[in-house]
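# Examination of the molecular architecture
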Amino acid sequence: MPLIVQKFGGTSVADSQKILAAARKAIRAKNEGNQVVVVVSAMGKNTDALIQLAGEINPRPPAREMDMLLSTGEQVSVALMAMAIEQLGHRAISMTGLQMGIKTDSTHTKARIHSIDTDRMRRALDDGNIVIAAGFQGVDDNLNITTLGRGGSDTTAVALAAVLGADACEINTDVDGVYTTDPRLLPEARLMKQVSYDEMLELASLGAGVMHSRAIEFGKKFSVPIHVRSSFADMPGTMIVDQPESSERAVSGAALVRNEALITVEGAPDVPGVCHTIFSKLAARSIPVDMIVQNVSADGRTDVSFTVLENELVPALECADESVVELGAAGVRHDAQVAKASVVGLGMARQTGVARQLFDQLAAEGINVLMISTSEIKISVLVDREEAARTLRTAHQGFELDKPPTEPPPQATLPAKGAKDVADVVARLHGMEDLLIDGISLDETQATVTVCGVPDQPGVADRVFNEVADAGIFVDMIVQSFSRRDSADITFSVPRADVEKSVATVERLRSTIGFERVTHLPSVAKLSVAGIGLRSHGGIAVRVFKALADEDINIAMINTSEMQINVVIDGEAGSRGLAALQKQFGDMRA
Ligand code: ADP
Ligand code: ASP
Ligand code: MG
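Residues numbered from 1 in each chain as written. Chains lettered and ligands numbered in written order. Predicted model: local features only at pLDDT ≥ 70, side-chain atom pairs only at ≥ 80, totals over all residues. Heavy atoms only, no water.

## Considerations on the packing of aromatic side chains
If you walk through the whole model with that rule in mind, you get five aromatic pairs. On the basis of an interplanar angle of 20 degrees and a centroid distance of 5.9 Å, the ring pair of Phe-218 and Phe-222 is categorised as stacked. Note that Phe-218 and Phe-222 are positioned in helix H7 (residues 213–222) at a spacing of four residues, about one turn of the helix. Assessed through its relative accessible area of 1%, Phe-218 is described here as buried. Judged by relative accessible area, Phe-222 falls into the partly exposed class, the value being 24%. On the numbers, 5.7 Å between centres and 45 degrees between planes, the contact of Phe-279 with Phe-545 is tilted. With Phe-279 in helix H8 (residues 274–284) and Phe-545 in helix H16 (residues 540–550), the pair connects residues that are 266 residues apart, well separated along the chain. Given the relative accessible area of 2%, Phe-545 is considered buried. Feature note: the residues Phe-279, Phe-306 and Phe-545 constitute an aromatic cluster, connected by ring pairs. (Phe/Tyr/Trp six-rings, centres within 6.5 Å; stacked < 30°, edge-to-face > 60°. Helix = DSSP H or I, 4+ residues; strand = E, 2+ residues; numbered from the N terminus. Buried < 20%, exposed > 50% of the residue type's maximum accessible area, 1.4 Å probe, protein only.)

## Re the nonpolar core
In this structure, Val-5, Val-37, Leu-160, Met-200, Met-211 and Ile-240 are the most contacted members of the largest nonpolar core, which totals 49 residues. Broken down by element, the residue count for this core peaks at six residues, all from helix H5 (residues 153–163). Non-local contacts of Ile-240, meaning those with residues more than four positions away in its chain, are made with Val-178, Val-195, Ser-196, Tyr-197, Met-200, Met-211, Ile-216, Val-224, Pro-225, Ile-226 and Val-228. (Core = buried A, V, L, I, M, F, W, Y, C linked by side-chain atoms within 4.5 Å. Contact = heavy atoms within 4.5 Å.)

## A closer look at the side chain of Gln-6
Looking at the element boundaries, Gln-6 is found in strand S1 (residues 3–8). Taking relative accessible area as the criterion, Gln-6 reaches 2% and is therefore assigned buried. Non-local contacts of Gln-6, meaning those with residues more than four positions away in its chain, are made with Lys-25, Ala-26, Ala-29, Val-36, Val-37, Val-38, Val-39, Glu-170 and Asn-172.

## Remarks on a nonpolar patch on the surface
On the surface, a nonpolar cluster with roughly 250 Å² of combined accessible area is contributed by Val-76, Leu-80 and Met-83. The residue Met-83 is located in helix H3 (residues 63–87) in this model. (Patch = residues over 30% accessible without salt bridge, like charges linked within 9 Å, V, L, I, M, F, W, Y side chains within 5 Å. Areas by Shrake-Rupley, 256 points an atom, 1.4 Å probe, with all protein chains shown as cover. Salt bridge = Lys/Arg side-chain N within 4 Å of Asp/Glu carboxyl O.)

## Some points on the site of ligand 1
Taken together, 16 residues lie around ligand 1, and Thr-173, Asp-174, Tyr-179, Asp-182 and Arg-184 are the ones closest in. Interatomic distance of 3.0 Å between a side-chain N/O atom of Lys-7 and an oxygen atom of ligand 1. Gly-10 is positioned such that a nitrogen or oxygen atom in its backbone is 3.2 Å from an oxygen atom of ligand 1. Among the residues forming the shell around ligand 1, the class breakdown is six nonpolar, six polar and four charged. (Near = heavy atom within 4 Å. Polar contact = N/O pair within 3.5 Å; in protein donor to acceptor, adjacent residues only side chain to side chain. Nonpolar A, V, L, I, M, F, W, Y, C, P; charged D, E, K, R; others polar.)

## So, the packing of helix H10 (residues 354–364) against helix H11 (residues 388–398)
Running from amino to carboxyl end, H10 crosses H11 at an angle of 125 degrees, the nearest separation of the two axes being 10 Å. In this view, H10 runs oblique relative to H11, as classed from their interaxial angle. In the packing of H10 onto H11, the handedness of the crossing is right-handed. Judged by residue contacts, Leu-358, Gln-361 and Leu-362 of H10 engage Thr-391, Thr-394, Ala-395 and Gly-398 from H11. (Axes fitted to C-alpha atoms, helices over the stretch in contact; angles between N-to-C directions. Parallel < 35°, antiparallel > 145°, perpendicular 65-115°, else oblique. Left-handed = near helix turned anticlockwise from the far one by under 90°.)

## Focus on the packing of H8 against H16
In contact at an axis separation of 9 Å, H8 and H16 are set at 145 degrees when each is read in the N-to-C sense. For the crossing formed where H8 meets H16, the hand is left-handed. Seen from H8, the contacting residues are Cys-275, His-276, Phe-279, Ser-280 and Ala-283; seen from H16, they are Val-542, Phe-545, Lys-546 and Ala-549. Class assignment for the residues of the contact of H8 with H16 results in six nonpolar, two polar and one charged.

## Brief notes about the side chain of His-108
Considering the arrangement of structural elements, one finds His-108 in the loop between strand S4 (102–104) and strand S5 (113–116). A polar atom in the side chain of His-108 sits 2.8 Å from the side chain of Asp-67. Polar side-chain contacts of His-108 include one of 3.4 Å to the backbone oxygen of Ile-145. What His-108 contacts, discounting residues up to four positions off in sequence, is Ala-63, Arg-64, Asp-67, Asn-144, Ile-145 and Thr-146.

## Observations concerning the site of ligand 2
Every residue near ligand 2 is listed here: Ser-41, Ala-42, Thr-47, Glu-74, Phe-136, Arg-150, Gly-151, Gly-152 and Ser-153. Thr-47 is positioned with one of its side-chain polar atoms (N or O) 2.8 Å from a nitrogen atom of ligand 2. In this structure, an oxygen atom belonging to ligand 2 sits 3.0 Å away from a main-chain N or O atom of Ser-153. When isolated, ligand 2 has an accessible area of 260 Å², and the protein chains bury 87% of it. For the shell around ligand 2, the per-class residue count stands at two nonpolar, five polar and two charged.

## With respect to helix H1 (residues 16–31)
Taking 1.5 Å of rise per residue, 16 residues should cover 22 Å, and H1 covers 22 Å from first to last C-alpha, within 8% of that figure. Where H1 is concerned, the buried positions are Ile-19, Leu-20, Ala-22, Ala-23, Lys-25, Ala-26, Ile-27 and Ala-29. N-capping of H1 is provided by Asp-15, with a side-chain oxygen placed 3.2 Å from the backbone N of Gln-17. One or two residues past the end of H1 sits Gly-33, with phi positive at roughly 100 degrees. (Expected span 1.5 Å × (residues − 1).)

## Describing the pairing of strand S11 (residues 226–230)
By the criterion of burial, S11 is predominantly enclosed, with five of the five residues buried. With burial as the criterion, each face of S11 is covered, one bearing Ile-226, Val-228 and Ser-230 and the other bearing His-227 and Arg-229. Relative to strand S12 (residues 238–241), S11 runs antiparallel, the two sharing three bridges. What sits directly across from Ile-226, in S12, is Ile-240. (Pairing = 2+ DSSP bridges.)

Here it is as structure tokens:
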């Protein structure tokens, strides 16, 4: 018999009527001939209320007790949902994380799933029950209750769908599906019919709160098609599968994180190990780091900029201050009033000039970009927080995300090619949610160009990349950071054969833009680590930095995404760097 997992989020079970409505939906699926597992979140804002209550009693509540507390929210919902189904004349049994056999590690408040024992759920389903599963919770080896992190019921749902081999995994929520950007921020956002795992992973980690990003990691790893739809209306919603909605478009969606803070460690000596020193301190305190931009050194000194969420600014600054002392750097600068806007699309990997288009749009609106970081399928720009909404709207309009694609979505190919191999690999991993590395590679075809000391004005990046594109030069990675208060450095990578031409092209702008100088590295090596879970497993970038620092290899440029961590190093050091990374991550490879 087909099996369906249906998840209902907090708003969808916020009161008794909504619980009854969700129960009817589950019963309908059962009557259509399916076995049904319903995953529920805590009612309404119950989890927030519990967190607040804990804070009133103890400003630093022990994480174990926090989990004990927070898991009660879901326990209330499962019991009520089972009662609702019984009231409507059907059989149901509620289960906690323990009763479902959801084993996690012991990282309270952000535990990861190790394994799920499906026996009891299977028996209950075979007995004709609708199984009502508490989202967001599990137990560790000592039967301590754990929770998976805010929004974690999505992850429970997709993980259950994976281990039960479900035919469908529905995420029922308070919007009609996944939009091109948060419809509460931009009313012109458009509902997408389909979005790829990779795009949704990036969007989720870049601010699209509609799905927990670890749920998408499960979906991708185990080839579970995820159907995001409205709890309240019978609409088709959005499928999250392996293929994007459009194979022609470069950009599929946009996202915004309003509350970012920017920190720069200035004037560090340009020697191996600088990144490792800084980011290992942040990792040790479990502070997630976001955009990382390192300048190619000027005069033997280098600046490293990164962003953290604003509420992590104080401990992150402590780490930066300690690094300054340790490294003999010049100092630390920060800006707590910044926001990050990003555009995401699988099509970017194929099309050139997407970054240039974005810079064009922002320049036309007079929006000043503080920092830029690009990777295979996303471009992020950091702007003043006051410009956040305008930046998002400009990008959304600029890429015409409100207009549906003209051609029908490409057919999803599920199970994904090689899915069985992936499942085999995962079976060999310690836990279901462990990091999976599926490629470590070396690219020895690139060079870098750095434009130093460009003035801090809207439209500068736009001018540079227009000129370079007009010269027919393909640009791969781009980073921009502020080395001094009112000037920036822009670094980009190009094919080695084009480096002289790139320098000459940029030089032509000297009189109009007024930068200080152009430098270049004629041959660099780009090392990439690709996999699933690179960002949600904190500290992976730090392991890359450590492996290279141990080999005395200097890092010139960095970018990180959900799919890949890329570092640019000296051209000579390519194969040594590759070997160091293979050694570091060898045990996790697919
Ligand atoms: P649930 O309680 O059902 O888990 P969430 O509040 O976690 O619901 O997620 C749904 C919310 O996600 C929506 O109300 C919407 O404001 C927000 N959201 C952010 N980005 C997007 C997006 N790209 N598409 C749809 N919703 C989004
Ligand atoms: N109740 C939890 C939260 O509010 C989990 C979830 O809703 O997904 O974060
Ligand atoms: Mg949610």
